[in-house]
Amino acid sequence: MPAGRTNGNRTGRGGPVAGVPAGGVPASGEPAAGSAGAGVPEQARAAAFAPDSLVLNGKLPLWYQVSQSLRASILGRPQDAPARLPTEEQLARHYGVGVLTMRQALKELESEGLISRQRRHGTFIEPRARRGRPVRVLGSVDAIVAQQSGELTTVLGHGPGAVPGELAHHFPDCTEVVGYRRLRRDAVTGEPVNWAENTVRPEVAARVDAADLERWPMTKILRDTAGVSIARITDTVEARLADPTTAALLRVPLLSPILHFTGVTYDTGGRVVDVARIHYRGDRFSFSVTVDAD
């Protein structure tokens, strides 16, 4: 079987990375805190970054699933998170994959400029690893989480309301839904890059803490915090012209081109639990799609 493939569902171990205690102190065999070379921050020498867990599936290459999950963890990390990653072996045990698969996932993130590898010192998150990247759609929930992570997010407002007419067919059994509005800005320049509207079923919204939206995309919150079993997400991307609200929020001229993204999230019961409508600045994003021929 080719490296990075599996025939069945597999679950990464999750929790603290194997061999790295909860406090993030490197395991035995790692370079000691004082042995890192010049230019490596003290925090990076003393602690290891703890990525999120991952449920693996057999439909996509393992290296891709792992790289997207780790990418989302890196882009959504707190400002004070350690910069140093655990070793390849520790990460492989954490995700439940082989070392060669883990190495391929890390190589992908290194090629994007998210991490750097320093001989004898370890692997480190690049300080500027919050820049927006072209969206690559390959069909995993973690890919969706990753593409929505990495910007500074401000919650503009949230609350219950009537079902919007254009979304009524998604919520036929609801008389009311809960809406969330967010503005995302580049973490380095502070420039607005997109704004999002999420429309969520009220019983699901009751388990969503709006404060979490300042760190994580709604997809991650629905899956990991609200406990929604996501079956699929249907995405549509189209070109539109900026209306007055979008023009003001994104600081672009009225009627200038924008990319309008609609993501409809279904649970395993076939119900729509969330409709995300995201308005991207056309000069800041590009979309690429990879089709697996297998």
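Here, the structure is the one placed above.
Notes on the structure in this doc start here. (Residues numbered from 1 in each chain as written. Predicted model: local features only at pLDDT ≥ 70, side-chain atom pairs only at ≥ 80, totals over all residues. Heavy atoms only, no water.)

## Some thoughts on the packing of aromatic side chains
We count it as follows: Ring geometry is summarised as follows: Phe, Tyr and Trp rings, the Trp one being its six-membered ring, pair when their centres sit within 6.5 Å, and such pairs are stacked at plane angles under 30 degrees, edge-to-face over 60 and tilted between the two. Only protein chains enter the area calculation, which uses a 1.4 Å probe; residues under 20% of their type maximum are buried, those over 50% are exposed, and those in between are partly exposed. Secondary structure elements follow DSSP: runs of H or I no shorter than four residues count as helices, runs of E no shorter than two count as strands, and numbering proceeds from the N terminus.
Using the criterion set out here, one finds two aromatic pairs in the structure. Plain terms: the ring middles of Trp-63 and Tyr-64 are 5.9 Å apart, the flat faces sit at 90° to each other, and that makes the pair edge-to-face. The residues Trp-63 and Tyr-64 share a single accessibility class, namely buried. Here Phe-261 and Tyr-280 contribute two aromatic rings whose centre-to-centre distance is 6.4 Å and whose plane-to-plane angle is 85°, an arrangement assigned as edge-to-face. Of this pair, Phe-261 sits in strand β10 (residues 257–267) while Tyr-280 is found in strand β11 (residues 272–281), placing the two residues 19 residues apart along the sequence. Both residues of the pair, Phe-261 and Tyr-280, belong to the buried class.

## What to know about the packing of helix α3 (residues 88–95) against helix α4 (residues 99–111)
The line we're drawing: Between the N-to-C directions of two axes lies an angle of 0 to 180 degrees, each axis being a line fitted to C-alpha atoms and, for a helix, fitted only over the stretch in contact. Should an angle lie under 35 degrees it is considered roughly parallel, over 145 roughly antiparallel, and from 65 to 115 roughly perpendicular; all remaining angles are considered oblique. Working rule for contacts: check all heavy atoms of both residues, and any pair within 4.5 Å makes them a contact. Following the grouping adopted for this structure description, the nonpolar residues are Ala, Val, Leu, Ile, Met, Phe, Trp, Tyr, Cys and Pro, the charged ones are Asp, Glu, Lys and Arg, and the polar ones are all others, Gly among them.
The interhelical angle for the contact between α3 and α4, taken along N-to-C directions, is 105°, at an axis separation of 9 Å. As judged from the angle between their axes, α3 and α4 are roughly perpendicular. Contacts from Glu-88, Glu-89, Leu-91, Ala-92 and Tyr-95 in α3 reach Val-99, Met-102, Arg-103 and Leu-106 in α4. Taken together, the residues that form the contact of α3 with α4 break down as six nonpolar, no polar and three charged.

## Description of the pattern of salt bridges
Heads up, the rule is: Salt bridge, as used here: a side-chain nitrogen of Lys or Arg that lies within 4 Å of a carboxyl oxygen of Asp or Glu.
For the coordinates displayed, the defined rule picks out 13 salt bridges. Two residues, Asp-173 and Arg-201, come together in a salt bridge whose shortest N-O distance is 2.7 Å. Linking Asp-173 in the loop between β6 (152–162) and β7 (176–185) with Arg-201 in the loop between β8 (192–200) and α6 (202–205), this pair joins segments that are 28 residues apart in sequence. Among the salt bridges present, the one from Arg-240 reaches Glu-238, with a minimum N-O distance of 3.1 Å. The class for Glu-238 is partly exposed, based on a relative accessible area of 32%.

## Considerations on a nonpolar patch on the surface
Quick note on the threshold: Only residues whose relative accessible area exceeds 30% and that take part in no salt bridge are eligible for patches, with like-charged residues grouped when within 9 Å of each other and nonpolar side chains (Val, Leu, Ile, Met, Phe, Trp, Tyr) grouped when within 5 Å. Accessible surface area values rest on a Shrake-Rupley calculation with a 1.4 Å probe, where residue burial reflects the displayed protein chains alone.
A cluster of nonpolar residues, Leu-241, Leu-254 and Leu-255, forms a patch on the protein surface that exposes about 320 Å² of accessible area. The residue Leu-255 is located in the loop between α8 (244–250) and β10 in this model. You can call Leu-255 exposed: its relative accessible area is 54%.

## Considerations on the sheet that holds β8
Formally: A pair of strands is treated as paired once DSSP finds two or more bridges between them.
One open sheet accounts for six strands, arranged β6-β7-β8-β11-β10-β9; its pairing is antiparallel. In the strand order of this sheet, the two ends are held by β6 and β9 (230–241), each with one partner. For this sheet, the mean angle separating the axes of adjacent strands, direction not counted, is 15°. Across 10 bridges, β6 lies against β7 in antiparallel orientation. Across the sheet, residue Gly-161 finds its bridge partner in β7, namely Val-177.

## A few points about the pairing of strand β4 (residues 122–125)
Here four bridges tie strand β3 (residues 115–118) to β4, and the two strands are oriented antiparallel to one another. By the bridge assignment for β4, Gln-118 is matched with Gly-122.

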